[in-house]
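Okay, here's what each chain looks like letter by letter:
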Amino acid sequence: MLLLSACSSVAPQYFTLGTPELSSVANQHQSITSIGVARIRLPSLLDRQGMVLRKDNFSVAVSEQYQWAGVLREEFNESLVSGLQAALPSTRVQVAPWQLEQTPQYYLTVSVLAFDGAPQAQAKLRGSWQLLQGSSGRLVKAGTMSFSRAVAGKEVKDVVQVQNQLIGDLIRHVLAALP
Amino acid sequence: MNSGNDPLSSQENLAAVQVRRQRWPSPVWLLPLAAALIGLWLLVQNWMQQGTIITVHFPSAEGIDPGNTQVRYKAVNVGKVKSVKFDANMDPLVTLALNRDISDVLDCSAQFWVVRPRIRGAEISGITTLFSGTYIGMLPQRVDSELKENETSICYQALEEPPATKPSRPGREFKLMTDSMGSLDIGTPIFYKQLQVGEIINYRLSADSGQVELHIFVDEPYYRLINKNTRFWDVSGIDVRVDSVGAEVRMESLTSLLIGGIAFETPPEQNQSLPVSPSNTVFNLYPDLTSSREKHYQDRLYYTLYFNGSLRGLAEKAPVEFQGIRVGQVEKIKLHLDPKSLDVRIPVLISIEPQRFSEELKLAEAPQFMESLVKRGMRAKLENGNLLTGQMFVGLSLDEKAKPDSIAKGQFYDVFPTSPTPVEELSKMASGIADDLKSTLGGVRQFMESGQLDKTVENANKVLVATETTMTEAKQAVTDARLILQQLQTNTLPGVSSNLETATASLTRALDQVSANVDKVSTTLDGSLKAVTGDLDKVSGTLNQSLTSLTGTAKQAGTDFNRSSVEFDKTVQRLQGSLTHLDRLLAQNSPTQYQLTEMMDEVTAMSRAVRALTETLQRQPEALIRGKKDWEEH
Amino acid sequence: MDSHAPLIHCKICGCVGERPVLLNKYERLYCARCGHQMRLEPHYSLQTTWALLWAAAILYIPANLMPVMSVYFLGTGQPDTIVGGAIHLYQAGQWPLAILIFVASIVVPLLKLFTLSYLLISIQRGEQKHQQERMRLFHLTEYIGRWSMVDVFVVAILSGLVQFGNLAHIEANAGTFCFAAVVVLTMLAAATLDERLIWASVDKNNLL
């Protein structure tokens, strides 16, 4: 793939998701000392270097020109973690993996089913999430997520911006479910 | 050119041809003469080579080909098989034609055998016969005798197997006695400091001792290391020893691992100026290094011991120990039941090596020595060797407080005095106490049940009630009497007073009697109660005693148990530690798990990428050169 | 002397002399000038032939009794006589070879010996009959005589080629030499027998 991309004539552009903008809700969740983000699960459709842009309900396009800077999963993870930290500044936010002794009080697992968009169309984030207790692994709360926002711009970077906002939506949704 | 003149006619020119008589025959006859001489010479030579013809009985003629199979001695051809027939017993009878040179040393003691491929012990012999065909090997026993004049001699019987030959290199032979061959065989190497210095050349079962006698051959110059203190032991396989100190593994060499081996050593402190053992000296073969190093004393004394109680846990070869040091072993335990009197005795035969008490003790003085020990109070006891397995051993101990005893003469062996084991005593005591308690309690119950107490109490009650009534009546009587007295004081005082006196006197007497009865009842009650308490005291006293002794032994057991439980604890702790470690490793979201999942994902992604590449190439083979076509923005 | 005495010519010095007519058996002629022993034509002595035949016959015995060739294969093998070898070949299933050996090494030499002996005897007895047949017999003997050498050549070639140490090696034994001698001697015997004697008129005196 690398060779093929090298052979291609167009230089690719790289994108990253960035931190979603969230306000702090620390006072609401003071009892939570630590929260962890376990491995995000992404569909294999998205597990590729090139960005996936949706053409219509049944077709997507994979771009060679527009690529994620890192691995999408890691980007998503990073975005989620930094968003959570922004929302809960006093809580220790941990990224998987962690040692047994450092198991956080709660941890979140996210399973993404769809995370794509297109310029001048909708950007969607769909999937499910689970909040589990760290010490016992017991399920505290589970839920589905389905967010979509309109993409105003014509560029791919606008899509990425909206995707960032979608992640912010997810975090807010999860925070609402925290005990 | 003749010109008519006939030269022949002139007789004068003709030479006179000489005529001579041939005296010798034509020299051409030398040829047949030479031929004849050659033939004759060959014949004579063949005849000279011709040796003797002998017939040998063979157990089996396998591999013997008449006219072809050769007879060899020390790998030199010395003859050939002429024919194979059967003898009277339908055993093969083989006729051999042997050379002249070997016939000179042949006599009836020569041995013959068939050489075929054989695998035996350390040696695979006769492999060459796979290629060259089997041959008959022979070994003339004597080199100086001649065969008697008869051409065909039928005094030979072939051997089943090639005879064991003493190696022809310099060295010396010795004999080793062992209980069983184990993995030893002819050819098994003998090691000294892990150098092979000899081998076993033969073995046989010794008829008198029931042991196997090994003939070994030790090379020059190693046989000079052998003197009467040398110890031989079996180093076959691997010697693994695990005990409280640790584990020990010994192995002599790979050869000995496969085919067995014998090693020897001469204890260093004792080998100065001891003469080298002569040929065929007999040594003992010990089963392993440790037992060879133990001091072995030849002298033994045998005693019979009689124990009461169960001998469970006592096995033959259990040690006899004195102060914890092994001085002998249990040889035999046999149940002896007298069918008439149904008397059960279990004599235990032990052997004691008196030199373990004192090295300088001689066998003659030993019985006296043991007797004096017994006078000092030495007794044999059954002691617990291992609480877990219940193994017992015989312990000798000097008991100052023992009843005086001596070694008694027994039917076969002397009887050594024994003292009962604490366990025995304890159980006896316990059963004794139990019996006492039972009888006392039974008596008490009987007493209670018989209703005598009730009756006594009833009687006492009655008596008391009666006394009460008597008392009230008496009171009444006294008041009446006072009244009457008052009345009579004035009237019939003197007569009445005397009657009153007698009445009071009899009343007091009656009261006395009543009190006496009450007293008696109380005393008897007291007495019986006291008796009961007395018994109970005694019982509790003995119980205390036995409990203290029990606690004593229990404490011992407790400390032992403590020790082992401490060990157990430690093991459990360690186990826990490893379990926690395992937990950490396998915990949800642990680094190990995470990395594992990552790796799986990578592998999947890679396989997908490879698939994509192949797909691309399939669709756009020119992509290799021109690059892929991108999607079009819509 | 008027009688035309026969003359004899010495081949060495060339002198010519009278040939004495009557010679007894043991008299020989020598040239006056050079001393060369002159022989009468035909001068082949039957003695020579007889001597050679006898030698061949004597040597034929050890040739058959002694082993001619030893074949050692993988360390094992044994020497074989002619007959033994033929028998082994036959037993090994190689009966054409066995027949060849038998014919070449046993039948032919014996035949030669007997034929030559018969011829010699017939010449010495002065037989006049069956001269054609005897002539043919002689030619036949002479012709096939050389083929007995086949066996010897076989032995020679094999023992020269097959020398692979213990794996396989072939040796020629004494019997071969004897047999070769027999064949050579019979060939010589056939060569020294002057066939003209078959046709010559009998004159015993002239023959020696």
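Keep in mind the model is a prediction, meaning the values are calculated, not measured.

### Digging into the overall build of chain C
Counting its secondary structure elements, chain C contains 8 helices and 8 strands. In chain C, which comprises 208 residues, the share counted as buried stands at 28%. Across chain C, every contact between residues at least 6 apart in sequence was considered, and the portion connecting residues at least 24 apart equals 64%.

### Digging into the sheet that holds strand E6 (residues 111-115) of chain B
Residues and elements named next belong to chain B. Strand order across the open sheet formed by 7 strands is E6-E9-E3-E4-E5-E2-E10, with mixed pairing between neighbours. At either margin of the open sheet sits one strand with a lone partner, and together these are E6 and strand E10 (156-157). Relative to strand E5 (residues 92-99), strand E4 (residues 76-86) runs antiparallel, the two being bridged by 7 bridges. What sits directly across from Gly79, in E5, is Leu98.

### Looking at the sheet that holds strand E28 (residues 414-415) of chain B
Each strand in a sheet pairs with another by means of backbone hydrogen bonds, the pair being arranged parallel or else antiparallel. All names here are of chain B. Overall, mixed pairing links the 7 strands, which are arranged E26-E27-E21-E22-E25-E20-E28 in an open sheet. Two strands bound the open sheet, and with one partner strand each, they are strand E26 (378-386) and E28. One ladder, built from 4 bridges, connects strand E21 (residues 319-322) with strand E22 (residues 325-333); its direction is antiparallel. For Glu321, the partnering residue across the bridge sits in E22 and is Arg326.

### Considerations on the interface of chain B and chain C
Between chain B and chain C, the contact holds 26 residues from the first and 35 residues from the second. At the level of secondary structure, the elements contributing two or more residues to the side of chain B that touches chain C comprise strand E1 (18-21), helix H1 (30-49) and helix H3 (128-132) of chain B. Partitioning the side of chain B that touches chain C into residue classes produces 15 nonpolar, 9 polar and 2 charged. Bridge count between E1(B) and strand E3 (residues 27-30) of chain C: 4 bridges; the pairing is antiparallel. Residue pairing for E3(C): Val19(B) is matched across the bridge by Leu29(C).

### Some details on the nonpolar core
Ranked by internal contacts, the top residues of the largest apolar core, which has 41 residues, are Val37(A), Leu80(A), Leu84(A) and Leu108(A). Among the elements of the structure, strand E2 (34-37), strand E3 (50-54), strand E4 (60-68), helix H2 (72-87), strand E6 (106-117), strand E7 (122-133) and helix H3 (156-177) of chain A are those that each provide at least two residues to this core. The greatest single-element share of this core, amounting to 9 residues, is contributed by H3(A). Counting residues in hydrophobic clusters, the runner-up holds 40 residues, among them Ala56(C), Ile58(C), Leu59(C) and Val182(C).

### Remarks on the confidence of the model for chain C
Residues and elements named next belong to chain C. Taken as a whole, chain C shows an average pLDDT of 81; of its residues, 88% reach a score of 70 or greater. When pLDDT is averaged over each element of chain C, helix H6 (residues 174-192) comes out on top at 89 and helix H8 (residues 204-207) at the bottom at 48. In the model, residues 204-208 has pLDDT below 50 throughout and makes 5 contacts with residues more than four positions away in sequence or in other chains. We note a pTM of 0.41 for the whole complex and an ipTM of 0.76 for its interfaces.

### Brief notes about the confidence of the model for chain B
All names here are of chain B. For chain B, the mean per-residue pLDDT works out to 74, and 68% of the residues sit at or above 70. In the model of chain B, strand E8 (residues 123-125) stands out as the element of lowest mean pLDDT, 63, in contrast to strand E14 (residues 212-219), which has the highest, 89. Taken as a whole, residues 1-5 scores under 50 in pLDDT and shows 1 contact with residues more than four places along the chain or in a different chain.

### A word on the packing of helix H1 (residues 46-65) of chain C against H6(C)
Residues and elements named next belong to chain C. One can describe the packing of H1 onto H6 by two numbers: an axis separation of 8 Å at closest approach and a directional angle of 160°. With respect to H6, the axis of H1 lies roughly antiparallel. The interaxial crossing formed by H1 with H6 has left-handed handedness. Two secondary-structure elements touch here, H1 through Thr48, Thr49, Leu52, Leu53, Ala55, Ala56, Leu59, Tyr60, Pro62 and Ala63 and H6 through Gly175, Cys178, Phe179, Ala181, Val182, Leu185, Thr186, Leu188, Ala189 and Thr192. Residue composition of the contact of H1 with H6, by class: 15 nonpolar, 5 polar and no charged.

### A short note on unusual backbone geometry
Leave glycine aside and you will find that most residues have negative phi; peptide bonds, for their part, are mostly trans. In this chain, Ala96(A) is followed by Pro97(A) through a cis amide linkage whose omega measures 0°. Relative to the elements of secondary structure, Pro97(A) occurs in the loop between strand E5 (92-95) and E6. Although it is not a glycine, Lys193(B) sits at a positive phi angle of roughly 50°. Among the residues examined, Lys193(B) registers 10 C-beta atoms within 10 Å and is labelled exposed. For Gln323(B), which is not a glycine, the phi torsion comes out positive at approximately 55°. Here Gln323(B) shows up in the loop between E21 and E22. The class for Gln323(B) is exposed, based on 9 C-beta atoms found within 10 Å.

### Examining the pairing of strand E20 (residues 301-306) of chain B
Of the pairings in the sheet, the one linking E20(B) to strand E25 (residues 347-352) of chain B comprises 6 bridges and is antiparallel in character. Looking across to E25(B), one finds that Tyr303(B) is bridged to Ile350(B).

The rules behind the values
- Residues numbered from 1 in each chain as written.
- Chains lettered and ligands numbered in written order.
- Predicted model: local features only at pLDDT ≥ 70, side-chain atom pairs only at ≥ 80, totals over all residues.
- Helix = DSSP H or I, 4+ residues; strand = E, 2+ residues; numbered from the N terminus.
- Buried ≥ 20, exposed ≤ 12 C-beta atoms within 10 Å, placed from the backbone.
- Contact = placed C-beta atoms within 7 Å.
- Pairing = 2+ DSSP bridges.
- Nonpolar A, V, L, I, M, F, W, Y, C, P; charged D, E, K, R; others polar.
- Core = buried A, V, L, I, M, F, W, Y, C linked by C-beta atoms within 7 Å.
- pLDDT = per-residue confidence, 0-100.
- Axes fitted to C-alpha atoms, helices over the stretch in contact; angles between N-to-C directions.
- Parallel < 35°, antiparallel > 145°, perpendicular 65-115°, else oblique.
- Left-handed = near helix turned anticlockwise from the far one by under 90°.

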